[in-house]
Amino acid sequence: QVQLVESGGGLVQPGGSLRLSCAASGSIFSISSMAWYRQGPGNQRELVARITITSDTNYADSVKGRFTISRDNAKNTVYLQMNSLKPEDTAVYYCYAAINYHNFWGQGTQVTVSS
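Residues numbered from 1 in each chain as written. Predicted model: local features only at pLDDT ≥ 70, side-chain atom pairs only at ≥ 80, totals over all residues. Heavy atoms only, no water.

### Let's talk about the overall build of the protein chain
Line of reasoning, step 1. On a plain count of helices and strands, the protein chain comes out with 0 helices and 11 strands.
Line of reasoning, step 2. Reading the helices (α) and strands (β) of the protein chain from amino to carboxyl end gives β-β-β-β-β-β-β-β-β-β-β.
Line of reasoning, step 3. For a compact globule of 115 residues, the expected C-alpha radius of gyration is about 13 Å, and the protein chain comes in at 14 Å, within 12% of that figure.
Line of reasoning, step 4. Projected onto the principal axes, the alpha-carbon positions of the protein chain cover approximately 45 × 25 × 25 Å.
Line of reasoning, step 5. When the 115 residues of the protein chain are sorted by exposure, 43% land in the buried category.
Line of reasoning, step 6. Here the contacts in the protein chain between residues at least 6 apart in sequence split such that 53% fall between residues at least 24 apart. (Helix = DSSP H or I, 4+ residues; strand = E, 2+ residues; numbered from the N terminus. Rg over C-alpha atoms; globule rule 2.2 N^0.38 Å. Buried < 20%, exposed > 50% of the residue type's maximum accessible area, 1.4 Å probe, protein only. Contact = heavy atoms within 4.5 Å.)

Following this line, the structure appears as structure tokens:
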């Protein structure tokens, strides 16, 4: 049974930083792409950042220059470093991973940016 477990969400003031982590566990033979999505109040789920097995990355325009996605293949973990956070970054953040040619999602972690 494969699962993704996220951590690192919380409440932060505008301009602050948070680091999200997502660890994959279970019977894992291969992980190709990993990504972070988010869903704000009243919005559809949107891609925030994606990283391939070769560490190629792409970002939503709204987070370029502020967020950095990275991965540790030895630990089956993907990270999202979020700097210069804005109130509009408030959302539930979901981890995604393509594992053993199947799609898996984490349970979501709340990020709230507010003074």
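Let's pick the thread back up.
### Remarks on the nonpolar core
Line of reasoning, step 1. In terms of nonpolar packing, the biggest core is built from 28 residues, with Trp-36, Val-48, Phe-67, Val-78, Leu-80, Met-82 and Tyr-93 touching the most fellow members.
Line of reasoning, step 2. Taken together, the elements giving at least two residues each to this core come down to β3 (18-25), β4 (31-39), β5 (46-51), β7 (67-72), β8 (77-82), β9 (91-99) and β11 (109-113).
Line of reasoning, step 3. With 5 residues, the single largest contributor to this core is β9.
Line of reasoning, step 4. When sequence neighbours within four positions are dropped, the list of residues in contact with Leu-80 reads Leu-18, Arg-19, Leu-20, Trp-36, Val-48, Ala-49, Phe-67, Thr-68, Ile-69 and Tyr-93. (Core = buried A, V, L, I, M, F, W, Y, C linked by side-chain atoms within 4.5 Å.)

### Some remarks on the state of the cysteines
Line of reasoning, step 1. Inspection of the entire model under this criterion finds 1 disulfide.
Line of reasoning, step 2. A disulfide bridge connects Cys-22 with Cys-95, and the sulfur atoms are separated by 2.1 Å. Handedness here is read from the sign of the S-S torsion; for Cys-22 and Cys-95, about -80 degrees, the answer is left-handed. Taken together, the residues Cys-22 in strand β3 and Cys-95 in strand β9 connect sequence positions 73 residues apart. Neither residue differs from the other here; Cys-22 and Cys-95 are each classed as buried. (Disulfide = S-S within 2.5 Å.)

### Quick notes on the sheet that holds β3
Line of reasoning, step 1. Read across the sheet, 4 strands follow the order β1-β3-β8-β7 without closing on themselves; strand pairing throughout is antiparallel. This sheet does not close on itself; its edge strands, each paired only once, are β1 (3-7) and β7. Sheet twist, expressed as the mean angle between neighbouring strand axes with direction ignored, is 15 degrees.
Line of reasoning, step 2. By the bridge criterion, 5 bridges tie β1 to β3 in an arrangement that is antiparallel. Within β3, the residue paired with Glu-6 across the bridge is Cys-22. (Pairing = 2+ DSSP bridges. Axes fitted to C-alpha atoms, helices over the stretch in contact; angles between N-to-C directions.)

### Digging into unusual backbone geometry
Line of reasoning, step 1. One non-glycine residue, Asn-76, adopts positive backbone phi at about 50 degrees.
Line of reasoning, step 2. Examined against the element boundaries, Asn-76 turns out to sit in the loop between β7 and β8.

### Side note on the pairing of β7
Look at any regular strand and the pattern is simple: side chains alternate between the two faces of the sheet.
Line of reasoning, step 1. Every second residue of β7 is oriented toward a common face, the buried set being Phe-67, Ile-69 and Arg-71 and the non-buried set Thr-68, Ser-70 and Asp-72.
Line of reasoning, step 2. As judged from the 6 bridges shared by β7 and β8, these two strands associate in the antiparallel manner. Pairing of Ile-69 across the sheet is with Leu-80, part of β8.

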